[in-house]
Amino acid sequence: MSNLKLGVEVVSAHNVMPKDGQGSSNSFVELHFDHQRFRTTVKEKDLNPVWNEHFYFNISDPQSLPNLTLEAYVYCDNKATNTKSFLGRVCLTGTSFVPYADAVILHYPLEKRSIFSRVKGELGLKVYLTDDPMLRSSNNPFPAVDSFPGSDRLPNQTESQAHVGNPTTTSHLNDKAESRHTFYHLPNQQHQQPQQQQQQHHPSHHSSMGMSHEQVQHLASEMKSEQPKIVRMYSASSQQPADYTIKETSPFLGGGQIVGGRVMRSDKPSSTYDLVEQMQYLFVRVVKARDLPTMDLSGSLDPYVEVRVGNYKGITRHFEKNQNPVWNEVYAFSRDRMQASILEVVVKDKDLIKDDFVGIVRFDLNEIPMRVPPDSPLAPQWYRLEDKKGDKNNGELMLAVWIGTQADEAFPDAWHSDAAATADGSTNLGAHIRSKVYHAPRLWYVRVNVIEAQDLIVGEKNRFPNVYVKAQIGNQVLKTKTIQPQNFNPLWNEDLLFVAAEPFDDHLILSVEDRLGTKDEVIGRVAIPLSSIDKRADDRLIPTRWFNLEKLVLIDVDQLKKDKFSSRLHLRLCLDGGYHVLDESTHYSSDLRPTAKQLWKPSIGILELGILSAEGLHPMKTRDEKGTSDTYCVAKYGHKWVRTRTIVNSMTPKFNEQYTWEVFDPATVLTVGVFDNCQIGEKGQNGSHKDLKIGKVRIRLSTLETGRVYTHSYPLLVLHPSGVKKMGELHLAIRFSCTSLMNMMYIYSRPLLPKMHYIRPLTVVQLDSLRYQAVSIVAARLSRSEPPLRREVVEYMSDVDSHLWSMRRSKANFFRLMSVFSGVFSVGKWFGDVCAWKNPVTTILVHVLFVMLVCFPELILPTVFLYMFLIGIWNYRYRPRYPPHMNTRISHAEAVHPDELDEEFDTFPTSRNPELVRMRYDRLRSVAGRIQTVVGDVASQGERIQALLSWRDPRATAIFVIFCLMSALVLYVTPFQVVAVIAGFFLMRHPRFRHRLPSVPVNFFRRLPARTDSML
């Protein structure tokens, strides 16, 4: 029987509706869940009741948890009539339940039961899942469990009394919170699909979420069956070179050939890997050996196994003095590269000079069976080893040999022949070449509100301290402003923001320091574990706390003993879970959810990515006097990072690996990067060499049609100090499947960021600083994985340097702005041609249309929207048929000056010589001077508008005031249509009736005074 239980802490309610007839309420809460009902105590005469009571529900079927609902009803107890009045309710679905360690108190607005209900206020709840075996109904005083009521009669108070604040249970939950690792959060499950290695890391998670995986796979299979129509491409001519554009391909994948985004089903059965080409591999699992003979004079044996197929071989680790070794290692040999018909498995004895032959097992490749998942794994068998004479008396070796594809569960952790050197230079590259899935740590904002300090003790008693507070978490250091109070109780009331990652290993260290000239003296310090700080998901106030400061050096022990009070620091600390911690560039965000899992919404779709191959790569290194590359790919979306296996010594690597992500917002970006592995070989053994970037691809999900398979070859464009360079092409297959069209459309009406970003917004400076710290934390965590995802890879994928100054980017953004306003300029030019009567027919038609709109003003808005509708329908034919990619023209990367590129690749702070820096500074000053002039001209026009009524120019203001009075009288007696027609006809009059000099209103406006004469 499952121990899984739902814990509910009813904290408090605020501003509930008075229902007792005396302006107050006798409030209590009823909880309904899974045919069980609990009730809190009654808080009499209180519109803001506080309960802090705990309840635990048994979950009869954990697999049906997403379909269950927790209902909390707030009632008013009317003792005079023995009835209860409805005050509101809160309904929570099972998909929002999280483990105890992730639970925070949330205040939910009370909902109506019907349209006639009068409801207001909110209810504070803390809801979590726990599998603590100590929490059993037989051992703990649970409240009475009722079936769903047939009537609204109040249950007996003594029977339904909740278990309130059980110290044993509460402390046990707190102690177990960090040690418990079972995860039941249903909306964010990872799919079973190609990531079999993730299931091996988390077997308990797999078992607890099996049903949800089946549901996701069922939805995905339905999406795969959708076949969009073949469409002809009418894309406009590209503005950049043809070699830099995306090329649509029609590869044969696991589900069939892809033609125009449609899957043409083949006769062969399709597998779960339907977005990659099926590649056949020879799998050899070396399990163990027994009864091996001794080979040394000392009677010992150091065995290892060598698996050979033609020119490729894999070698297991060796064991010292062991005749019954256990290896359990898997080797995968690509059938495309095999040039032999015999598989040889040789057992050898490790020796200093020459390894001794122990025995061999041979297999004919034509007799090896084929295995296709979901078939069960092939059972290993014992094989007798043959010696050099052919006698089978040298012990036995347990092996399993089969032919499969990359869909095999043994593929991720296997040694690959296409990811290793040949037999002549064979080396066991280990974990550096394997494909892996990484999960970035969950990040929190740590808000430290430094309020005040009391009873500070300084070294010099004859002066008041000049103090500030320094806060530190890891490498993050922030300081408050320095103040000099007139006592020993300084007041700051400043907020400091940090980024912290789970699990919380670091401490928050605060020190109060006294500034003495150029030297700072530490008055006291305190270290606070981050795990002890309260979490919140909204903007509710966290109670403040006092912390005693510890002295670093004891100057006078006798004097310290006489001090009655120690120095204290007053703080308000919280972990803000209502924000989304930005750990990537805001323009390329792949996840916009808040930190608190209770605020996560259900997923709206599934993103599937097939990394097929790379072609035309540039050599990144030299090996055996030949240019080569050791290539791997990294894909990032949300918290999930994936890394393909490294293909060694290949300029045209074929990966054919497929990955899946859950999608929660279409306004997100998938990033795929290609890198050269520099950790292979003798030079890379110490890990000091950085992996080289080859290029990356960004794909915005909102530009993808649902259900369509996009198979394109993306150019890998990289900007070097010498200019833009194409490093090769990356072949990808992408499909975005929508699980709920209504949820997808509803997302477009929701704010882009969580609510806290708008209730308590952070400044741009704070966001930039916190983003840099978040990227550093993620890079440090992922670099400690095995194989490590190196810091330079994480920073390149996260665009950590995108905020730095670049003359090229400034020009590109300026031309982007001009392109945005080009439509306005075109309309202005067209209207100028109409006013100039360049085409009399068009001008007459515009006059007629203008008169119609003036006479029937109710047609203006319908006409505008109908015109935009027709434009949208017309442009539908020319919609892009492929995701947008990096454009060298838009990026202004083709005609950029070499010195500007050198400035862009300069370090921060600069490392160039002073003369070059002075030249660039002067150039920046000239550009800024032009911008300054434009800003001043815009300000002057605004000040002239203000001068119309400010009487700075008495004559001009008098003229304008009289004109306004006359205009008011004329407009009052004249119909608006007549005035509009006359004004329009005057504006569009024939050039014969125009003057070459500016008009009277323009002359009058230009004579108005601005504040330029007041500028120094």
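Predicted, not measured: the structure shown is a model, and the values here were computed from it.

**Quick notes on empty space enclosed by the protein**
Piece 1. Counting across every chain of the model gives five cavities of 30 Å³ or more.
Piece 2. Of the pockets and cavities examined, the largest cavity occupies roughly 160 Å³.
Piece 3. As for the largest cavity, its lining consists of 16 residues, and the residues nearest its centre are His580, Val581, Asp583, Asp591 and His639.
Piece 4. Across the lining of the largest cavity, the residue classes tally to six nonpolar, four polar and six charged.

**Regarding the packing of helix 12 (residues 840–855) against helix 17 (residues 976–987)**
Piece 1. Put simply, helix 12 and helix 17 touch, their axes get as near as 9 Å, and they point 160 degrees apart. Here helix 12 is positioned roughly antiparallel relative to helix 17, judged by the angle of their axes. As helix 12 runs across helix 17, the sense of the crossing is right-handed. Residues His847, Phe850, Val851, Val854 and Cys855 of helix 12 form the contact with helix 17, whose participating residues are Gln977, Ala980, Val981, Gly984 and Phe985.
Piece 2. Of the residues that constitute the contact of helix 12 with helix 17, the class distribution is seven nonpolar, three polar and no charged.

**Notes on the nonpolar core**
Piece 1. Counting residues in hydrophobic clusters, the biggest one holds 64 residues, and the most contacted among them are Leu609, Trp641, Trp661, Leu730, Leu732 and Ile734.
Piece 2. Formed by 40 residues, the second largest nonpolar core is a distinct cluster that contains Val16, Leu70, Tyr73 and Leu92.

**A short note on the packing of helix 10 (residues 807–820) against helix 11 (residues 822–835)**
Piece 1. At a minimum axis separation of 4 Å, helix 10 and helix 11 run at an interaxial angle of 45 degrees. Compared by their axis directions, helix 10 and helix 11 come out oblique. Of the residues in helix 11, those touching helix 10 at Met818, Ser819 and Val820 are Ser822, Gly823 and Phe825.
Piece 2. Within the contact of helix 10 with helix 11, the residues separate by chemical class into three nonpolar, three polar and no charged.

**A closer look at the environment of valine 286**
Piece 1. Positionally, valine 286 belongs in strand 13 (residues 281–290).
Piece 2. Exposure remark for valine 286: the relative accessible area of 0% places this residue in the buried category.
Piece 3. Put simply, valine 286 and methionine 398 are 112 residues apart on the chain and 6.5 Å apart in space, counted from C-alpha to C-alpha.
Piece 4. Not counting chain neighbours up to four residues away, the residues in contact with valine 286 comprise Val305, Val307, Trp327, Asn328, Glu329, Tyr331, Leu397, Met398 and Leu399.

**A few points about the pattern of salt bridges**
Piece 1. This structure, assessed with the given rule, holds 57 salt bridges.
Piece 2. The closest approach of N and O atoms between glutamate 904 and arginine 808, which form a salt bridge, is 2.7 Å. Of this pair, glutamate 904 sits in helix 14 (residues 898–904) while arginine 808 sits in helix 10, and the two are 96 residues apart along the sequence.
Piece 3. Residue classification places arginine 808 among the buried residues on the basis of a relative accessible area of 8%.
Piece 4. The partner of aspartate 899 in a salt bridge is arginine 920, and the shortest N-O contact between them spans 3.2 Å. Linking aspartate 899 in helix 14 with arginine 920 in helix 15 (residues 914–946), this pair joins segments that are 21 residues apart in sequence. Here aspartate 899 and arginine 920 have matching classes, each one buried.
Piece 5. Within the structure, one salt-bridge network assembled from shared partners comprises Glu306, Arg308, Lys313, Glu344, Lys348, Arg362 and Glu386.

**Observations regarding the sheet that holds strand 38 (residues 669–676)**
Piece 1. Here we have five strands laid out as an open sheet, ordered 22-36-35-38-39, and antiparallel in their pairing. Across the chains shown, the open sheet's two edge strands, defined by having one partner strand only, are strand 22 (436–439) and strand 39 (692–700). In this sheet, neighbouring strand axes are inclined to one another by 15 degrees on average, regardless of whether the strands run parallel or antiparallel.
Piece 2. Pairing of strand 35 (residues 631–637) with strand 36 (residues 640–643) involves four bridges; the strand directions are antiparallel. Bridge assignment links valine 634 to a residue of strand 36, and that residue is arginine 643.

Rules of the game
Residues numbered from 1 in each chain as written. Predicted model: local features only at pLDDT ≥ 70, side-chain atom pairs only at ≥ 80, totals over all residues. Heavy atoms only, no water. 1 Å grid on protein atoms, 1.4 Å probe; cavity = no way out; pocket = protein on both sides within 12 Å on 5 of 7 lines; lining within 4 Å. Points joined across faces, edges and corners; volume = space filled by probe spheres on them. Nonpolar A, V, L, I, M, F, W, Y, C, P; charged D, E, K, R; others polar. Axes fitted to C-alpha atoms, helices over the stretch in contact; angles between N-to-C directions. Helix = DSSP H or I, 4+ residues; strand = E, 2+ residues; numbered from the N terminus. Parallel < 35°, antiparallel > 145°, perpendicular 65-115°, else oblique. Left-handed = near helix turned anticlockwise from the far one by under 90°. Contact = heavy atoms within 4.5 Å. Core = buried A, V, L, I, M, F, W, Y, C linked by side-chain atoms within 4.5 Å. Buried < 20%, exposed > 50% of the residue type's maximum accessible area, 1.4 Å probe, protein only. Salt bridge = Lys/Arg side-chain N within 4 Å of Asp/Glu carboxyl O. Pairing = 2+ DSSP bridges.

That is the geometry; function is a separate question.
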